[in-house]
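# Observations on chain architecture
So the chains spell out like this:
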Amino acid sequence: AQSVTQLDSQVPVFEEAPVELRCNYSSSVSVYLFWYVQYPNQGLQLLLKYLSGSTLVKGINGFEAEFNKSQTSFHLRKPSVHISDTAEYFCAVRAPYSGGSNYKLTFGKGTLLTVNP
Amino acid sequence: DGGITQSPKYLFRKEGQNVTLSCEQNLNHDAMYWYRQDPGQGLRLIYYSQIVNDFQKGDIAEGYSVSREKKESFPLTVTSAQKNPTAFYLCASTLAENTEAFFGQGTRLTVV
């Protein structure tokens, strides 16, 4: 079984400042990792994903994340945030497909990013 | 355009009534999921289905039921046995291995 810990429930920052949202996971097998964003009263939208290969993953809206296997982390970063980045961000993990196994995602509890002017 | 459609967006029901939330996808995805979202709790898995006519309980299935009679549809019934049904419900789907989940816009259920 997998689990995800998002280390900060809320992160306030000023506009144009850099931001890092932290995500740690635990799993007995290798995993796929995802970051999603949710705006108020909406569904989740994929920001980026790590399946294999380069550990630095670039996503939409200028976000990127780095997979660190030794530290079991997948932190999300953006060098300069905008007011429009204010939203809730979710980290998720999923075990690789292996025939009969399921595809379900396990989510962290979310980090509310608030960008202030 | 392909996507996942949840309806209705807002739903009000009296306590003790069953209510069914609709989820339809035209992405030709194999697997479908229902999540419940409460403030500060993240997303918790209620039920999921990997193929038609088969589904499994997630982490918080008590008080809920589902069916998967068609690949495109995965309705969720919130029964009167669910002790605290007021929440935001999200439906999602995935194609197969190595892909992310696509989400609907959610249904906010309020039980009064």
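Let us look at the structure shown here. Here the structure is a predicted model, which is why all the values come from computation and not from measurement. (Residues numbered from 1 in each chain as written. Chains lettered and ligands numbered in written order. Predicted model: local features only at pLDDT ≥ 70, side-chain atom pairs only at ≥ 80, totals over all residues. Heavy atoms only, no water.)

Glancing now at the state of the cysteines. With the rule as written, the count across this model stands at two disulfides over all chains. Across the disulfide, A:Cys23 is cross-linked to A:Cys91 (sulfur-sulfur distance 2.0 Å). Judged by the torsion about the S-S bond (-65°), the A:Cys23/A:Cys91 disulfide is left-handed. One end of the pair, A:Cys23, is in strand β4 (residues 23-26); the other, A:Cys91, is in strand β10 (residues 87-94), with 68 residues separating them in the sequence. Like A:Cys23, the residue A:Cys91 is buried in the burial classification. Through a disulfide, B:Cys23 is tied to B:Cys91; the S-S separation comes to 1.9 Å. The chirality of the disulfide connecting B:Cys23 with B:Cys91 is left-handed, given an S-S dihedral of about -75°. Note that B:Cys23 is positioned in strand β3 (residues 19-25) and B:Cys91 in strand β9 (residues 87-94), a separation of 68 residues in sequence. Among the residues examined, B:Cys23 registers a relative accessible area of 0% and is labelled buried. (Disulfide = S-S within 2.5 Å. Helix = DSSP H or I, 4+ residues; strand = E, 2+ residues; numbered from the N terminus. Buried < 20%, exposed > 50% of the residue type's maximum accessible area, 1.4 Å probe, protein only.)

Right, let's get into unusual backbone geometry. Residue B:Pro8 is bonded to the preceding B:Ser7 through a cis peptide linkage, with omega at -10°. Residue placement: B:Pro8 occurs in the loop between β1 (4-7) and β2 (10-13). For A:Asn61, which is not glycine, the phi torsion reads 60° and is therefore positive. With respect to the element layout, A:Asn61 can be found in the loop between β7 (56-58) and β8 (64-68).

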